[in-house]
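Coordinate inspection notes
The chain contents come next:
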Amino acid sequence: MAVLDVLTYPDPRLKEIAAPVERFDEALRAFVADLDETMRDGPGAVGIAAPQVGRLERIVIVDCSGRKNTPNHGHMVLVNPEISEWDGYAVGREGCLSVPDYTGNVIRAERITLEAKDENGAAQSFELEGFEARAVQHEVDHLDGMLFLDRLVSRRSDLFRRKKYK
Amino acid sequence: MNEWFLITLFGDDRPGIVAAVTKALFDGGCNLGEASMIRLGGNFSIMMMVRHAGDATALERLLQPVVETLSLRLHVDAFAGELHRHKEPDVRITVFGADRAGIVAQVTGALAEAGLNIVDLETDVGGTEDKPIYIMQMEGEATQGIEALRQALAPITAEGIEADIAPIDTVIG
Ligand SMILES: [Zn+2]
């Protein structure tokens, strides 16, 4: 296992569209292990996408289990992920391992339905919401060459949910 | 050695102020850093980090033509700031209510005592001349937790000021 180098903007590989994974083999699983170690090495990261380490394949890891008060599905390896349903929207703050020292507001769906394979090729399906849904949408964007910078809305905009946090 | 300066500029709002000021700075060999620019009371105001090889007087001289053309007020200070010193806010607070004397001091005083370190604060007055509404939006670090801020604002909201406190949960990925 190894911590891989994370590409940072404006590396052109971050703008590429990643290709679907076709072989679910040992090489894939070894890469997923390295990608996971790289994510854990990033300060406060809850997700990572293969293009961020220069591998242009549709592989994402999201793990929000280390956060307090955050509903989550634990450690998710998402290969060839497809978001099939979006519901609601919210503005939230995002940062990125590939964009150091900057965070900004982005509008995302509040709830999504997600189909993906795991690293063994088994089909999986998730209903995600809130913080975890946001993390998945951020990572899936990386597979399509999109950064959160492409979706910034004003820091001064008050589109925050009028949600009462008790 | 290039040093950072903080320049403050304001004047009657009109199109092209930012373009003219930043062109003068670029032509004078300056680098721009972080900045806050906003229309305030019909004026346009700029606070901006500028890095420049000369001293404050040289920087003022460089801006003099545009300051005169656009009738701006200019102030330049040497500045110990640096880039890449961001603090990530973890709470966002909106406060609003009928405008009355002392509202900002009362709210920010209570929040400071409860551990709020303000990173960004914007206030505005809306409504009408005879019924003004005061609106305050801020982001900051809740160094003693969000519950402490909520408790600090409770007596103020009991007096008819509305407050909304929400965590900022930043997704890093
Ligand atoms: Zn990212």
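In what follows, the structure referred to is the one given above.
Report follows, based on the coordinates. (Residues numbered from 1 in each chain as written. Chains lettered and ligands numbered in written order. Predicted model: local features only at pLDDT ≥ 70, side-chain atom pairs only at ≥ 80, totals over all residues. Heavy atoms only, no water.)

Glancing now at the sheet that holds strand E7 (residues 132–142) of chain B. Residues and elements named next belong to chain B. Across the sheet, which stays open at both edges, the 4 strands sit in the order E6-E7-E5-E8 with antiparallel pairing between neighbours. Of all the strands in the sheet, the pair left with one neighbour each is strand E6 (116–127) and strand E8 (162–167). Averaged over neighbouring strand pairs, the angle between their axes works out to 15° when direction is ignored. Sheet strands touched by helix H3 (residues 103–113): strand E5 (91–98), E6 and E7. Its angle to E7, the strand with the most contacts, is close to 20°. Of the strands in this sheet, E5, E6, E7 and E8 are in contact with helix H4 (residues 146–157), which crosses E8 at around 175°. (Pairing = 2+ DSSP bridges. Helix = DSSP H or I, 4+ residues; strand = E, 2+ residues; numbered from the N terminus. Axes fitted to C-alpha atoms, helices over the stretch in contact; angles between N-to-C directions. Contact = heavy atoms within 4.5 Å.)

Turning our attention to the sheet that holds strand E4 (residues 73–78) of chain B. All names here are of chain B. Ordered in space as E2-E3-E1-E4, the 4 strands form an open sheet in which the pairing is antiparallel. Each edge of the open sheet carries a strand with a single partner, namely strand E2 (31–40) and E4. Each strand of the sheet is rotated relative to its neighbour by a mean of 15°, with strand direction disregarded. Where helix H1 (residues 17–27) meets the sheet, it contacts strand E1 (3–12), E2 and strand E3 (43–52), and its direction lies at approximately 15° from that of E3. Across the sheet, helix H2 (residues 56–69) lies against E1, E3 and E4, angled at about 160° from E4, the strand it touches most.

Before going further, it helps to examine the packing of aromatic side chains. Residues and elements named next belong to chain A. Taken as a whole and assessed by the stated rule, the structure comprises 1 aromatic pair over all chains. When the centroid spacing of 6.4 Å and the interplanar angle of 20° are considered together, the rings of Tyr102 and Phe148 count as stacked. Of this pair, Tyr102 sits in strand E4 (residues 99–117) while Phe148 sits in the loop between helix H2 (130–143) and strand E6 (152–153), placing them 46 residues apart in sequence. The class for Tyr102 is partly exposed, based on a relative accessible area of 35%. The exposure class of Phe148 is buried, given its relative accessible area of 1%. Above the plane of the ring of Phe31 lies Arg55, whose end atom (NZ or CZ) is 4.2 Å from the centre. Looking at Arg67, its charged tip hangs above the ring of Phe131, at a distance of 3.8 Å from the centre. (Phe/Tyr/Trp six-rings, centres within 6.5 Å; stacked < 30°, edge-to-face > 60°. Buried < 20%, exposed > 50% of the residue type's maximum accessible area, 1.4 Å probe, protein only. Lys NZ or Arg CZ within 6 Å of the ring centre and 35° of its normal.)

On to the nonpolar core, then. Residues and elements named next belong to chain A. Judged by nonpolar contacts, the single largest core of 22 residues is most densely connected at Val62, Met76, Leu78, Ile112, Leu114, Leu128 and Val136. Sorting the residues of this core by element identifies strand E2 (59–63), strand E3 (75–96), E4, strand E5 (123–129) and H2 as the ones contributing at least two each. The biggest single contributor to this core is H2, with 6 residues. Setting aside residues no more than four positions away along its own chain, Leu78 makes contact with Arg58, Ile59, Val60, Leu114, Ala116, Lys117, Gln124, Phe126 and Val136. (Core = buried A, V, L, I, M, F, W, Y, C linked by side-chain atoms within 4.5 Å.)

Right, let's talk about unusual backbone geometry for a bit. Residues and elements named next belong to chain A. Cis peptide bonds are those with omega within 30 degrees of zero, and the linkage from Tyr9 to Pro10 qualifies with 10°. Mapped onto the fold, Pro10 is located in the segment before helix H1 (26–41). The phi dihedral of Asn69 is positive, around 55°, even though this residue is not glycine. With respect to the helices, strands and loops of the structure, Asn69 is situated in the loop between E2 and E3. Among the residues examined, Asn69 registers a relative accessible area of 80% and is labelled exposed. Even without being a glycine, Asn80 presents a positive backbone phi close to 50°. Its location among the elements puts Asn80 in strand E3.

Turning our eyes to something else, we now look at the interface of chain A and chain B. Each side of the interface is counted separately: chain A has 29 residues, and chain B has 23 residues. Carbon and sulfur atoms supply 45% of the area buried between chain A and chain B, which totals about 2100 Å² over both sides. Taken together, chain A and chain B are joined by 2 salt bridges. At the surface where chain A touches chain B, the tally comes to 11 residue pairs in polar contact (both at pLDDT 80 or more). Elements with a contribution of two residues or more to the side of chain A that touches chain B: E3, E4 and H2 of chain A. Ranked by residue count, the leading element in the side of chain A that touches chain B is H2 of chain A, at 6 residues. Residue composition of the side of chain A that touches chain B, grouped by class: 9 nonpolar, 8 polar and 12 charged. In this structure, E3 of chain A lies alongside strand E9 (residues 171–172) of chain B, joined through 2 bridges in parallel fashion. (Buried area = accessible area lost by both parts, 1.4 Å probe. Salt bridge = Lys/Arg side-chain N within 4 Å of Asp/Glu carboxyl O. Polar contact = N/O pair within 3.5 Å; in protein donor to acceptor, adjacent residues only side chain to side chain. Nonpolar A, V, L, I, M, F, W, Y, C, P; charged D, E, K, R; others polar.)

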